Amino acid sequence: MPVIAPWPTARPAQIPTAREDTDDAMAAGTTVDHLTETYRAHYRSLLGLAALLLDDTASCEDVVQEAFIRVHSARRRVRDPEKTLAYLRQTVVNLSRSALRRRILGLKLLSKPMPDMASAEEGAYEQLERDQLIKAMRGLQRRQREVLVLRYFADMTEAQVAETLGISLGSVKAYGSRGIAALRVAMEAPA
């Protein structure tokens, strides 16, 4: 049967005084007062550092503010208050790099041209041309139509068209050139 040992008697907890609380915070990291003084003394120099890395003032201010927020939230990890400024500088550099990466990614995504929207007139004109082309294609001989559809709409090579239709390469070329000539005549004719 297992033996269960009794809980050791605990001493009554001592409530730390304000002075001990400050000493513990200083021992654990940078105090809020120290960070405030660093902000007052070095904000402009950190802003200048960000300005060397970024190109617009708003982004620089955002980066510096974010750096102070991050160092403030991690102030207990900054064991030596003298290193607070070094941590801030490194954080400004890292945040500036991240901002530049986001911009480059955004530019890559935006560099793709947006499709132009055709006006209603252009859309109607294109529809008329499409209808005219379909009508002209229907007027071609069956083999001419097959060769043109496979060659230009299915984007096949002449050899692939010849293999698909079971005809010679010369026949594909002949049907294709005659079909294009017939399309030109049909498309130029008044409707």
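Presented here is a report on the structure given in the accompanying data block.

Thresholds applied
- Residues numbered from 1 in each chain as written.
- Predicted model: local features only at pLDDT ≥ 70, side-chain atom pairs only at ≥ 80, totals over all residues.
- Heavy atoms only, no water.
- Patch = residues over 30% accessible without salt bridge, like charges linked within 9 Å, V, L, I, M, F, W, Y side chains within 5 Å.
- Areas by Shrake-Rupley, 256 points an atom, 1.4 Å probe, with all protein chains shown as cover.
- Salt bridge = Lys/Arg side-chain N within 4 Å of Asp/Glu carboxyl O.
- Helix = DSSP H or I, 4+ residues; strand = E, 2+ residues; numbered from the N terminus.
- Buried < 20%, exposed > 50% of the residue type's maximum accessible area, 1.4 Å probe, protein only.
- Axes fitted to C-alpha atoms, helices over the stretch in contact; angles between N-to-C directions.
- Parallel < 35°, antiparallel > 145°, perpendicular 65-115°, else oblique.
- Left-handed = near helix turned anticlockwise from the far one by under 90°.
- Contact = heavy atoms within 4.5 Å.
- Nonpolar A, V, L, I, M, F, W, Y, C, P; charged D, E, K, R; others polar.
- Polar contact = N/O pair within 3.5 Å; in protein donor to acceptor, adjacent residues only side chain to side chain.

1. Re a nonpolar patch on the surface
For step 1, the next point in the chain: On the surface, Val149, Tyr152 and Phe153 cluster together into a nonpolar patch covering about 330 Å² of accessible area.
For step 2, the next point in the chain: Along the chain, Tyr152 turns up in helix α6 (residues 142–153).
For step 3, the next point in the chain: For Tyr152, a relative accessible area of 51% corresponds to the exposed category.

2. Some remarks on the packing of helix α3 (residues 57–73) against helix α4 (residues 84–110)
For any two helices packed against each other, one specifies the crossing angle of their axes together with the interaxial distance.
For step 1, the next point in the chain: Look at α3 against α4: their axes get within 8 Å of each other, and the N-to-C directions meet at 130°. Taken together, the axis directions place α3 and α4 in an arrangement best described as oblique. Along this stretch, α3 crosses α4, giving a crossing that reads as right-handed. Contacts from Ser59, Val63, Val64, Glu66, Ala67, Phe68, Arg70 and Val71 in α3 reach Thr84, Tyr87, Leu88, Thr91, Val92, Leu95, Ser96 and Arg103 in α4.
For step 2, the next point in the chain: Residues of the contact of α3 with α4, tallied by class, amount to nine nonpolar, four polar and three charged.

3. Description of the side chain of Ser96
For step 1, the next point in the chain: Here Ser96 shows up in helix α4.
For step 2, the next point in the chain: Only 2.8 Å separates the side chain of Ser96 from the backbone oxygen of Val92, close enough to count as a polar contact.
For step 3, the next point in the chain: Once you skip the residues sitting within four places of it in the chain, Ser96 turns out to touch Ala50, Leu53, Leu54 and Val63.

4. With respect to unusual backbone geometry
For step 1, the next point in the chain: The backbone of Asp155 shows a phi angle near 60°, a positive value even though the residue is not glycine.
For step 2, the next point in the chain: Within the secondary structure, Asp155 sits in the loop between α6 and α7 (158–165).

Honestly, that's just the spatial picture; any functional story needs more than this.
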